[in-house]
Amino acid sequence: MTQHTTATSGLSVRSVSKSFGTGPKAVSVLQDVDLDIDDGEFVAVVGPSGSGKSTLLNAIAGFVTPDRGELLVNGEPVRGPGPSRCVVFQEYAIFPWLTVRRNIDFGTRLRAWKGTRPERARVTDRYLDMMGLTEFADALPKTLSGGMRQRVAIARAYAVDPEILLMDEPFAALDAQTREQMQEALVDINQRERRTVLFVTHQVEEAIFLADRVVVMSARPATVQEVVDVPWGDRRTHEIKTEPEFVRLRRHIETLLRSRR
Ligand SMILES: Nc1ncnc2c1ncn2[C@@H]1O[C@H](COP(=O)(O)OP(=O)(O)OP(=O)(O)O)[C@@H](O)[C@H]1O
Ligand SMILES: [Mg+2]
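Cut-offs used in this document
- Per-chain numbering applies: the sequence of each chain, read as written, is numbered from 1 onward.
- Chain letters and ligand numbers both follow the written order, the letters beginning at A and the numbers at 1.
- A pLDDT threshold of at least 70 governs which residues receive local features in this predicted model, and a stricter bar of 80 or more applies before side-chain atom pairs are shown or counted, although totals over entire chains, interfaces and linings include all residues.
- With hydrogens and water excluded, all non-hydrogen atoms of the structure serve as input to the side-chain values.
- Secondary structure elements follow DSSP: runs of H or I no shorter than four residues count as helices, runs of E no shorter than two count as strands, and numbering proceeds from the N terminus.
- C-alpha atoms define the radius of gyration in this analysis, and the globule rule sets the expected value at 2.2 Å times the number of residues to the power 0.38.
- Residue burial is assigned from relative accessible area. The probe radius is 1.4 Å, only protein chains are included, and a residue is buried under 20% of its type maximum, exposed over 50%, and partly exposed in between.
- Only heavy atoms enter the contact rule, under which two residues are in contact if any of them lie within 4.5 Å.
- Values of accessible area rely on a 1.4 Å probe in the Shrake-Rupley scheme; residue burial ignores everything except the protein chains shown.
- To get an axis, a line is fitted to the C-alpha atoms, and for a helix only the part in contact is used. The angle between two axes follows their N-to-C directions and goes from 0 to 180 degrees.
- Working definition: roughly parallel below 35 degrees, roughly antiparallel above 145 degrees, roughly perpendicular at 65 to 115 degrees, and oblique for all remaining angles.
- Residue type decides the class: Asp, Glu, Lys and Arg count as charged, Ala, Val, Leu, Ile, Met, Phe, Trp, Tyr, Cys and Pro as nonpolar, and the leftover types, Gly among them, as polar.
- Identification of polar contacts relies on pairs of N or O atoms within 3.5 Å, with a donor-acceptor requirement for protein atoms, meaning one able to donate a hydrogen and the other able to accept it, and with residues adjacent in sequence counted only if both atoms are side-chain atoms.
- The salt bridge definition used is simple: a Lys or Arg side-chain nitrogen within 4 Å of an Asp or Glu carboxyl oxygen.

**A word on the overall build of the protein chain**
Item 1. The secondary structure content of the protein chain amounts to 7 helices and 10 strands.
Item 2. Relative to the compact-globule value of 18 Å for 261 residues, the protein chain shows a C-alpha radius of gyration of 18 Å, a close match.
Item 3. In terms of its C-alpha atoms, the protein chain occupies a principal-axis envelope of roughly 55 × 45 × 35 Å.
Item 4. Taking all 261 residues of the protein chain together, the buried fraction comes to 52%.
Item 5. Summarising the internal contacts of the protein chain: among those between residues at least 6 apart in sequence, 70% fall at separations of at least 24.
Item 6. Total accessible area on the protein chain is roughly 12300 Å²; 50% of this is exposed by carbon and sulfur atoms.

See below:
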């Protein structure tokens, strides 16, 4: 089982608070958020709309500076965006003027590892294959479906080899069937590549399907309401969604979200 103690590996969020605006118009969005994510752990964050999930993710990414508290990645304080953290957004953040292969190759160039061109090409091929993109390698993003474009974004993020992957509702714009395929593709790539992942979603089912732990945030200002352990390990097929334990966890988290403490 995982231990949630380390300050020197993984991600550590310590009493992080953040408000937007000043004076009477100030809105407190995060309030003393504490969260530890171990190296290689997949954590999903769910919470009411507008509660501050994206703000938390953006603070970890270095796009938003907290008012108080501390953010550590492998023991190092976050001082701004950097290659240790890679973000996948709902909108496809891939380069429209580059082919699928070149988009992923861009990721491999950001690696600390500086391979030769042929070495990098082999790495790119591997990610193309893992995300089922090989036959689209030379296509431009605009010719691809939304799901395929998100595959490119995810492949590129893994290709960067960051210490932490941050995903902010990456599947929210996809239809239900594509979304399930993407969940499987993500499980697949992450079981092979095993990164530390923080995944924000509105869908409780998606959170339980993907994550080792689900962090339930309260309404704004967001605090961690409860952290729920998910027991399936690497056994992640869609059949688990109908198992009694899965249904029980889903109900439990949905009740917490409705209670709006
Ligand atoms: N840069 C900003 N300036 C002012 N207010 C902001 C800013 N960013 C976020 N907010 C406010 O902070 C609150 C939390 O926003 P945030 O986007 O983090 O919530 P969320 O949980 O991600 O919401 P959703 O579920 O809709 O994605 C909202 O009320 C939002 O309007
Ligand atoms: Mg959001």
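**Considering the packing of helix H3 (residues 117–130) against helix H5 (residues 176–193)**
Helix-helix packing: each pair is described by the crossing angle between the helix axes and the interaxial distance.
Item 1. With their axes 10 Å apart at the nearest point, H3 and H5 run at an angle of 140° to one another. Judged by the angle between their axes, H3 and H5 are oblique. From H3, Arg126, Tyr127 and Met130 reach across to H5, where they touch Asp188, Ile189, Arg192 and Glu193.
Item 2. Of the residues assigned to the contact of H3 with H5, the class counts are 3 nonpolar, no polar and 4 charged.

**Description of the environment of aspartate 212**
Item 1. Summarising the element assignment, aspartate 212 is placed in the loop between helix H6 (204–210) and strand E9 (213–217).
Item 2. For aspartate 212, the contacting residues outside a window of four places in its chain are Gly40, Glu41, Phe42, Val228, Asp229, Val230 and Arg236.
Item 3. Polar side-chain contacts of aspartate 212 include one of 3.5 Å to the side chain of arginine 236.

**Thoughts on the pattern of salt bridges**
Any two side chains of opposite charge can pair if their charged atoms end up close together.
Item 1. Summed over all chains, the structure comprises 19 salt bridges.
Item 2. For the salt bridge of arginine 101 with aspartate 125, the shortest nitrogen-to-oxygen distance reads 2.8 Å. With arginine 101 in helix H2 (residues 100–109) and aspartate 125 in helix H3, this pair connects stretches of sequence that are 24 residues apart.
Item 3. With a relative accessible area of 30%, arginine 101 lands in the partly exposed category.
Item 4. A relative accessible area of 37% means that aspartate 125 is categorised as partly exposed.
Item 5. Across the pair arginine 120 and aspartate 105 runs a salt bridge whose closest N-O atoms are separated by 3.4 Å. Residue arginine 120 is located in helix H3, and its partner aspartate 105 is located in helix H2; the two are separated by 15 residues in the primary sequence. As far as burial versus exposure is concerned, arginine 120 and aspartate 105 are alike and both buried.
Item 6. Three or more residues joined by partner-sharing salt bridges are found here, namely Glu180, Glu205, Lys241, Arg250 and Glu254.

**Thoughts on the environment of alanine 172**
Item 1. Along the chain, alanine 172 turns up in the loop between strand E7 (164–168) and H5.
Item 2. Residue classification places alanine 172 among the partly exposed positions, given a relative accessible area of 30%.
Item 3. Along the sequence, alanine 172 and valine 29 sit 143 residues apart, while their C-alpha atoms lie 22 Å from each other.
Item 4. Not counting the four nearest positions on each side in its chain, alanine 172 is found in contact with Gln90 and Arg179.

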